[in-house]
Amino acid sequence: MAKITLSNLRHSYLPNPKADEDYALKEIDLDWEDGGAYALLGPSGCGKSTLLNIISGLLTPSDGKVLFNGTDVTGLPPDQRNIAQVFQFPVIYDTMTVRENLAFPLRNRGVAETRIAERVAEIAAMLEVVDMLDIRAAHLSPDNKQKISMGRGLVRDDVNVVMFDEPLTVIDPHLKWKLRSKLKELHQRVKATMIYVTHDQTEALTFADQVVVMQEGEIVQIGTPVELFERPQHTFVGHFIGSPGMNILAAEAQGNTATFEGQSVALEGNVTGDGGSTEIGIRPEFVTIADTGVAARVRKVSDVGRHAVVEAMVGDTAVKAIVEGEVPGQGEAIHLAFRPDQTRLYRDGWISTEAQP
Ligand code: ADP
Ligand code: MG
């Protein structure tokens, strides 16, 4: 196991990159602590696989360094980095049995046969594939092939890091949640550093202790699932995480008050900085229907199981509220109360209110 440091990392797929937009990764400085369960979360094309392939050595970065426990490995090929990587699509040998596939990474490194048998049995039990061990991999369903691929990534216990690049893409939805919680359990058992790449917030938030959120080749926030939910550092995080995401409302602000569609809203604290375009950020969970507050008119009510999402218009702006119990009817005039300690101000996307202790 190792601590992995990315220092001043940049990467462009172009031969002569110049402008910022020529870079798939813009400026990455990041430490992955030994034994951590990390998720790398962001929309398709934001640079997740690029980052992972730089850590594994499949790609050499245009600039910057990769360090394992302080040692520069930027120039080392993948097989000398002692890592395991699981890809989006299964990488297994069709002509081998499941057992041989799982044993392969160990056999390849000259591990003793008794130890191999032990590890294969352990991993097969965890992944619930014991009954398939003697089947040729070619005969497996895509789901099971991917399970075996994940097993191959987990079978060695001496790797610096295990990396998963959207491993559940090909997995059936009902099996997805099962494997997701299994991976979490596995991390707690093996304590290896794991980096789990996904564009799916649910996968990231269930698996990881720390989530690294990326957008357009940059890291916008690193935090626990709770931190990302409670105090997004950027409107992108507010919007990307949560369902529905944070309300982002164009507003003017001064002191600890914002003016939104001509109505006053109390902020969590005083605004910081100046200039730029300013927006209120408040999650639908913290907007309630009250006797006083921001005047609004109900546009739509959707029932999403345990609660309803009420979408109301304040002037020309839609605001969403998560409501438990009784809901207003469409077209009804209501008031919305924004919980002040959860009402943030963002300036050019970045948080700009003083946090309250
Ligand atoms: P993600 O894994 O988050 O979907 P990628 O790291 O695959 O994102 O891609 C980041 C950016 O780099 C995208 O704009 C993508 O088109 C580009 N890119 C990825 N791989 C290559 C490649 N081999 N050659 C050129 N551009 C690439
Ligand atoms: Mg990718």
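Predicted model, so just to flag it, every value in this text is computed and none were measured.

Considerations on the overall build of the protein chain
Part 1 of the reasoning: A count of helices and strands for the protein chain gives eight helices and 22 strands.
Part 2 of the reasoning: When the backbone C-alpha atoms are referred to their principal axes, the protein chain occupies close to 75 × 45 × 35 Å.
Part 3 of the reasoning: Each of the 357 residues in the protein chain was classed as buried or not, and the buried ones make up 50%.
Part 4 of the reasoning: Of all intrachain contacts in the protein chain linking residues separated by at least 6 positions in sequence, the fraction that spans at least 24 positions is 68%.
Part 5 of the reasoning: Positive and negative charge centroids in the protein chain, built from 34 and 49 side chains respectively, lie 6 Å apart.

Digging into the sheet that holds strand β13 (residues 257-260)
The pairing of strands in a sheet comes from backbone hydrogen bonds and takes either a parallel or an antiparallel form.
Part 1 of the reasoning: Read across the sheet, three strands follow the order β12-β13-β14 without closing on themselves; strand pairing throughout is antiparallel. Two strands bound the open sheet, and with one partner strand each, they are β12 (252-254) and β14 (263-266). Pairs of neighbouring strands in the sheet enclose a mean axial angle of 25°, with direction left out of account.

Considering the pattern of salt bridges
Side chains carrying opposite charge are able to pair once their charged atoms draw close together.
Part 1 of the reasoning: On inspection of all chains with the given rule, the structure shows 18 salt bridges.
Part 2 of the reasoning: The salt bridge involving Glu 118 is made with Arg 115; its shortest N-O contact spans 2.6 Å. Of this pair, Glu 118 and Arg 115 are both found in helix α3 (residues 113-126), three residues apart, which corresponds to roughly one turn of the helix.
Part 3 of the reasoning: Accessibility expressed as a relative area gives 28% for Arg 115, which makes it partly exposed.
Part 4 of the reasoning: Connected through shared salt-bridge partners, Arg 115, Glu 118 and Asp 157 make up one network.

Digging into the domain arrangement of the protein chain
Part 1 of the reasoning: Domain boundaries in the protein chain define domain 1 (4-230) and domain 2 (245-351).
Part 2 of the reasoning: Just the C-alpha atoms count here: the centres of domain 1 and domain 2 sit 38 Å apart.
Part 3 of the reasoning: Across the boundary between the two partners, domain 1 contributes four residues, which contact six residues of domain 2.
Part 4 of the reasoning: In total, about 430 Å² of surface goes out of reach between domain 1 and domain 2, with carbon and sulfur atoms giving 51% of it.
Part 5 of the reasoning: A per-residue breakdown of the area domain 1 buries against domain 2 is headed by Val 220, Phe 229 and Glu 230, which together make up 92% of the total.

Looking at the site of ligand 1
Part 1 of the reasoning: Taken together, Tyr 13, Ala 24, Pro 43, Ser 44, Gly 45, Cys 46, Gly 47, Lys 48, Ser 49 and Thr 50 make up all the residues around ligand 1.
Part 2 of the reasoning: Interatomic distance of 3.1 Å between a backbone N/O atom of Gly 47 and an oxygen atom of ligand 1.
Part 3 of the reasoning: The separation between an oxygen atom of ligand 1 and a polar side-chain atom of Lys 48 is 2.8 Å.
Part 4 of the reasoning: When ligand 1 sits alone it has 560 Å² of accessible area, and the protein chains cover 53% of it.
Part 5 of the reasoning: Across the shell around ligand 1, the residue classes tally to four nonpolar, five polar and one charged.

How each quantity is defined
- Residues numbered from 1 in each chain as written.
- Chains lettered and ligands numbered in written order.
- Predicted model: local features only at pLDDT ≥ 70, side-chain atom pairs only at ≥ 80, totals over all residues.
- Heavy atoms only, no water.
- Helix = DSSP H or I, 4+ residues; strand = E, 2+ residues; numbered from the N terminus.
- Buried < 20%, exposed > 50% of the residue type's maximum accessible area, 1.4 Å probe, protein only.
- Contact = heavy atoms within 4.5 Å.
- Lys, Arg positive; Asp, Glu negative; His and termini not counted.
- Charge placed at Lys NZ, Arg CZ, Asp CG, Glu CD.
- Pairing = 2+ DSSP bridges.
- Axes fitted to C-alpha atoms, helices over the stretch in contact; angles between N-to-C directions.
- Salt bridge = Lys/Arg side-chain N within 4 Å of Asp/Glu carboxyl O.
- Domains from an automatic or database assignment.
- Buried area = accessible area lost by both parts, 1.4 Å probe.
- Near = heavy atom within 4 Å.
- Polar contact = N/O pair within 3.5 Å; in protein donor to acceptor, adjacent residues only side chain to side chain.
- Areas by Shrake-Rupley, 256 points an atom, 1.4 Å probe, with all protein chains shown as cover.
- Nonpolar A, V, L, I, M, F, W, Y, C, P; charged D, E, K, R; others polar.

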